[in-house]
Amino acid sequence: GESVGLHLPTLSVQEGDNSIINCAYSNSASDYFIWYKQESGKGPQFIIDIRSNMDKRQGQRVTVLLNKTVKHLSLQIAATQPGDSAVYFCAEVNYGQNFVFGPGTRLSVLP
Amino acid sequence: DGGITQSPKYLFRKEGQNVTLSCEQNLNHDAMYWYRQDPGQGLRLIYYSQIVNDFQKGDIAEGYSVSREKKESFPLTVTSAQKNPTAFYLCASSIRILYNEQFFGPGTRLTVL
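Residues numbered from 1 in each chain as written. Chains lettered and ligands numbered in written order. Predicted model: local features only at pLDDT ≥ 70, side-chain atom pairs only at ≥ 80, totals over all residues. Heavy atoms only, no water.

A. Quick peek at the overall build of chain A. In terms of regular secondary structure, chain A is built from zero helices and ten strands. Reading the secondary structure of chain A in the N-to-C direction produces β-β-β-β-β-β-β-β-β-β. When the backbone C-alpha atoms are referred to their principal axes, chain A occupies close to 40 × 25 × 20 Å. Looking at chain A as a whole, 44% of its 111 residues are labelled buried. Across chain A, contacts joining residues at least 24 apart in sequence account for 55% of those joining residues at least 6 apart. (Helix = DSSP H or I, 4+ residues; strand = E, 2+ residues; numbered from the N terminus. Buried < 20%, exposed > 50% of the residue type's maximum accessible area, 1.4 Å probe, protein only. Contact = heavy atoms within 4.5 Å.)

Structural data, given as structure tokens:
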């Protein structure tokens, strides 16, 4: 596979446990936030997004929380499965101006 | 099926040669992007295009060139002026420039020998 994220922070969780992946963003005026999942050797895939006027959004097994006070974004994965092993990274969007990706966190699911 | 394709998946070139990476999308998206990904780093924007016949430099455009002659296609040329071209290159598209979620292709791994 690709040597993406050799030096990324790693989160290891037991299969079936919940995972929480964190992201600090830089611009308090960012309008929109996205979480992507990137498996080895593949392009990033959209997981879930949240607008800046929201605090929480839920998807299937995933929840994104936005804390604008401390400029913090988190992705919660319920009942983590082996197929969830990947690099996860957040992106912050200033509409029409820039789209900034974080460095990513590697999630490793232990059997 | 709609999506973004990149070819080839793996590409090798000799130092001093130019090489062109292909990116095609059939999502009818106006905006397209090229990113470079290195180990331990986030995606870095090389070039982006808002519409046909228009493109803008991103954060690391030096040593790269692009064209946007068709809405569906946004090829990236890595020139011999790029000092460290070995990397994983990702193409993406979105409905509007720097607004909506970006959809990514599978990537091309370029290795300079």
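Once you've had a look at it, read on.
B. Here's a closer look at the state of the cysteines. Residues and elements named next belong to chain A. For the structure shown, the criterion picks out two disulfides over all chains. Paired by a disulfide, Cys 23 and Cys 90 hold their sulfur atoms 1.6 Å apart. Here the residue Cys 23 occupies a position in strand β2 (residues 19–24), and Cys 90 occupies one in strand β8 (residues 86–94), the gap between them amounting to 67 residues. For the pair shown, Cys 23 and Cys 90 are each scored as buried. (Disulfide = S-S within 2.5 Å.)

C. Here's a closer look at the packing of aromatic side chains. Residues and elements named next belong to chain A. In this structure the tally under the stated criterion is 14 aromatic pairs over all chains. Taking the centre distance of 6.0 Å and the plane angle of 25° together, the rings of Tyr 36 and Phe 89 count as stacked. Placement of the pair is Tyr 36 in strand β3 (residues 32–38) and Phe 89 in strand β8, with a sequence separation of 53 residues. Note on Tyr 36: relative accessible area 0%, which makes it buried. Residue Phe 89 is classed as buried on the basis of its relative accessible area, which comes to 3%. Between Phe 99 and Phe 101, the ring centres sit 5.3 Å apart and the planes meet at 35°, which makes this aromatic pair tilted. For the pair shown, Phe 99 and Phe 101 are each scored as buried. (Phe/Tyr/Trp six-rings, centres within 6.5 Å; stacked < 30°, edge-to-face > 60°.)

D. Up close: the pattern of salt bridges. Going through the model one piece at a time under the given rule, you end up with six salt bridges over all chains. Residue Asp55(A) is joined to Lys68(A) by a salt bridge in which the shortest nitrogen-to-oxygen separation is 3.4 Å. Separated by 13 residues along the polypeptide, Asp55(A) in the loop between β4 (45–51) and β5 (56–58) and Lys68(A) in the loop between β6 (62–67) and β7 (72–77) bring together distant segments of the chain. Taking the relative accessible area as the measure of exposure, Lys68(A) reaches 36% and is therefore partly exposed. Here Asp38(B) makes a salt bridge to Arg36(B), at a shortest N to O gap of 2.8 Å. Accessibility expressed as a relative area gives 11% for Asp38(B), which makes it buried. A cluster of three or more residues bridged by salt bridges with shared partners is formed by Arg36(B), Asp38(B) and Arg44(B). (Salt bridge = Lys/Arg side-chain N within 4 Å of Asp/Glu carboxyl O.)

E. Expanded view of the interface of chain A and chain B. Between chain A and chain B, the contact holds 27 residues from the first and 21 residues from the second. When chain A packs against chain B, close to 1,800 Å² is buried across both sides, 59% of that on carbon and sulfur atoms. The tally of links from chain A across to chain B stands at zero salt bridges. The interface formed by chain A and chain B holds four residue pairs in polar contact (both at pLDDT 80 or more) in total. Where the side of chain A that touches chain B is concerned, the elements lending two or more residues are β3, β8 and β9 (98–101) of chain A. A total of four residues in the side of chain A that touches chain B trace back to one element, the largest contributor, which is β3(A). Tallied by class, residues from the side of chain A that touches chain B come to 14 nonpolar, eleven polar and two charged. (Buried area = accessible area lost by both parts, 1.4 Å probe. Polar contact = N/O pair within 3.5 Å; in protein donor to acceptor, adjacent residues only side chain to side chain. Nonpolar A, V, L, I, M, F, W, Y, C, P; charged D, E, K, R; others polar.)

F. View of the sheet that holds β6(A). Residues and elements named next belong to chain A. Sheet architecture is open: four strands sit in the order β2-β7-β6-β5, paired in antiparallel fashion. Each of the sheet's edge strands pairs with one partner strand only, and the pair in question is β2 and β5. Pairs of neighbouring strands in the sheet enclose a mean axial angle of 15°, with direction left out of account. Where β5 lies against β6, three bridges are found, and the strand directions are antiparallel. When the sheet's bridge partners are listed, Lys 56 is paired in β6 with Leu 65. (Pairing = 2+ DSSP bridges. Axes fitted to C-alpha atoms, helices over the stretch in contact; angles between N-to-C directions.)

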